[in-house]
Amino acid sequence: MTLPFAGHPVGARKIEEAKNDEDKIHSAYRFLLADLMPFGRNARIQLEHGGDNQSKEHYETVAYWYGINSPSLVKTDSLQVGDAASESAHVYVSTNASEPYEITSRYEWGPDTIKGQEIYPAQTDHGRKTTGSSEFTMKLESDNRGVLLRRKLDYSFPNQRAEVYIADVHHKAKHLKESDWKLAGTWYLAGANTCVYSNPKDELGATQHIVQTSNRRFRDDEFLVPLELTQGRDAIRVRVKFTPVKIPLFPGQPSPEFAWSEIRYDAYCFVMPKSK
C-alpha cells in the first residue's frame, strides 16, 4: 500500500512469502498533515511494541519536524473547576451544577502495570458535572488569530454535547443581554469509557452485548473559537450550554446518566510566530 500520506510499501505479508532477507524487513510511513500534534518546549513520542509493549522485534524510526522556533499557540489562562479561588477569579457560574467531587483515574495511555510494576499510576483531580449551562471568563492576547479551548473532563458521562456562546467581557457579566452572546458552534465528544462489543463464537452467531467499563475516565477535548469572536479582545466570556444526546449504549439498555463534565478549562491563543 502506497498512498500519499500513509503506506506500507516494503515487507512480505507472511514469513513464508519472503523471497529473501530484505522481504522480512517491513517499512511504513505516515505524514500527519491532518493530525498535527502541537507541543510546547518538547514532545515525547513512543511506539508501543505489542499489546503490552513486550514485543522483542527490532524497530527503528525517524520523525521529521517541520516548523519554526517560535510558538504559534500560547496558553493564556486556566480555570480549575471546583477550586473556589479559581472559580471566583474567572467569575464561574453554573446552573444545575453538582458540588465539586473527587475523581481518581487515568488517561488513555499504556498498560497500568507490566509484570507487577505500575507504569501509569492513577491521578486524583476535582471537578463538577452539570445538566444546565456554565459561564466563565478567560484571558486572551488581544492580537490573537483565534482561540483553542481545552477541557479536562470525566469521560464516564457518554456523548457530551454543548452549544458554545461567546460574549465580549468588557460588558459586565451580570449585565449581559442575550443579544450579546454569539454562537461559536457545538462542542461534542462521542462515546464514553463504557463500551459494548459482540464476539460470537460462530461468524453468523447471535449478536452479543458484552459491556466493559475501563478505568480511564480522564480525557482532554478541544474546541476552536473562530477569529471573528476573539480578535482584538484581551478576554472573552464563555457560555457552555449542555444539550444532551440521549442514546443508549445499545437498544434496550437502560439509559446512563447524561451530564456535561468540567474539571479544567485552558485557553490557548493562536498568534503570529515572532521572527528570530
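Residues numbered from 1 in each chain as written. Predicted model: local features only at pLDDT ≥ 70, side-chain atom pairs only at ≥ 80, totals over all residues. Heavy atoms only, no water.

Draft legend 1. Structural context of unusual backbone geometry. Positive phi, normally seen in glycine, also occurs at Val91, with a value near 50°. With respect to the element layout, Val91 can be found in the loop between helix H1 (84–89) and strand S4 (93–94). Relative accessible area serves as the criterion here: at 40%, Val91 is assigned to the partly exposed category. Notably, Asn159 is not glycine yet its phi reads approximately 50°, a positive angle. Residue placement: Asn159 occurs in the loop between strand S10 (147–154) and strand S11 (160–168). (Helix = DSSP H or I, 4+ residues; strand = E, 2+ residues; numbered from the N terminus. Buried < 20%, exposed > 50% of the residue type's maximum accessible area, 1.4 Å probe, protein only.)

Draft legend 2. Fine view of the side chain of Asp266. Within the fold, Asp266 resides in strand S18 (residues 264–270). Judged by its relative accessible area of 2%, Asp266 falls in the buried class. In terms of polar contacts, Asp266 uses its side chain to reach the side chain of Ser78, at 2.6 Å. Here Asp266 is in contact with Lys75, Asp77, Ser78, Met138, Leu148, Leu149 and Arg150, once residues within four sequence places are set aside. (Polar contact = N/O pair within 3.5 Å; in protein donor to acceptor, adjacent residues only side chain to side chain. Contact = heavy atoms within 4.5 Å.)

Draft legend 3. Region of interest: the packing of aromatic side chains. In the structure shown here, the tally under the stated rule is eight aromatic pairs. Look at Trp187 and Trp260: their rings are 5.7 Å apart centre to centre, the planes differ by 75°, and that puts the pair in the edge-to-face class. Residue Trp187 is found in strand S12 (residues 182–189), and its partner Trp260 is found in strand S17 (residues 260–262); the two are separated by 73 residues along the sequence. A relative accessible area of 0% means that Trp260 is categorised as buried. A ring pair is formed by Trp187 and Tyr265, whose centres lie 6.3 Å apart and whose planes are at 65°; its orientation type is edge-to-face. Separated by 78 residues along the polypeptide, Trp187 in strand S12 and Tyr265 in strand S18 bring together distant segments of the chain. In this structure, Trp187 and Tyr265 share a single accessibility class: buried. Through successive ring pairs, a cluster of aromatic residues spans Phe136, Trp187, Phe223, Trp260 and Tyr265. The residue whose ring lies beneath Arg151 is Trp260, and the NZ or CZ to ring-centre distance is 3.6 Å. Directly above the ring of Phe218 sits Lys152, whose terminal nitrogen or CZ lies 4.3 Å from the centroid. (Phe/Tyr/Trp six-rings, centres within 6.5 Å; stacked < 30°, edge-to-face > 60°. Lys NZ or Arg CZ within 6 Å of the ring centre and 35° of its normal.)

Draft legend 4. Representation of the nonpolar core in the model. Judged by nonpolar contacts, the single largest core of 26 residues is most densely connected at Phe136, Ile166, Val238 and Tyr265. For this core, the secondary structure elements donating two or more residues are strand S9 (133–139), S10, S11, S12, strand S15 (218–225), strand S16 (235–242) and S18. Val238 has contacts with Ser134, Glu135, Phe136, Met138, Leu149, Val164, Tyr165, Ile166 and Trp181, leaving out every residue within four places of it along the chain. Counting seven residues, the second largest nonpolar core, distinct from the first, contains Ile103, Phe157, Ala259 and Ile263. (Core = buried A, V, L, I, M, F, W, Y, C linked by side-chain atoms within 4.5 Å.)

Draft legend 5. Quick peek at the sheet that holds S10. Strand order in this open sheet of four strands is S3-S18-S10-S15, and the pairing throughout is antiparallel. Among the strands making up the open sheet, the edge pair consists of strand S3 (73–80) and S15. Put simply, the sheet's adjacent strands are angled 20° from each other on average, direction ignored. Note: S10 against S15, eight bridges, orientation antiparallel. Looking across to S15, one finds that Val147 is bridged to Val225. (Pairing = 2+ DSSP bridges. Axes fitted to C-alpha atoms, helices over the stretch in contact; angles between N-to-C directions.)

Draft legend 6. Expanded view of a nonpolar patch on the surface. A cluster of nonpolar side chains, namely Phe5, Phe31 and Leu33, defines an oily patch on the protein surface of about 330 Å² accessible area. Here Leu33 lies in the loop between strand S2 (27–30) and S3. (Patch = residues over 30% accessible without salt bridge, like charges linked within 9 Å, V, L, I, M, F, W, Y side chains within 5 Å. Areas by Shrake-Rupley, 256 points an atom, 1.4 Å probe, with all protein chains shown as cover. Salt bridge = Lys/Arg side-chain N within 4 Å of Asp/Glu carboxyl O.)

Draft legend 7. Geometry of the pattern of salt bridges. Summed over all chains, the structure comprises 16 salt bridges. In this structure, Asp21 and Lys24 form a salt bridge, with 3.5 Å as the shortest nitrogen-oxygen distance. The residue Arg239 makes a salt bridge to Glu178 at a minimum N-O spacing of 3.3 Å. You can see Arg239 sitting in strand S16 and its partner Glu178 sitting in the loop between S11 and S12, a full 61 residues away along the chain. With relative accessibility at 59%, the residue Glu178 sits in the exposed group. One network of salt bridges, in which partners are shared, links Arg106, Asp112, Glu118 and Arg216.

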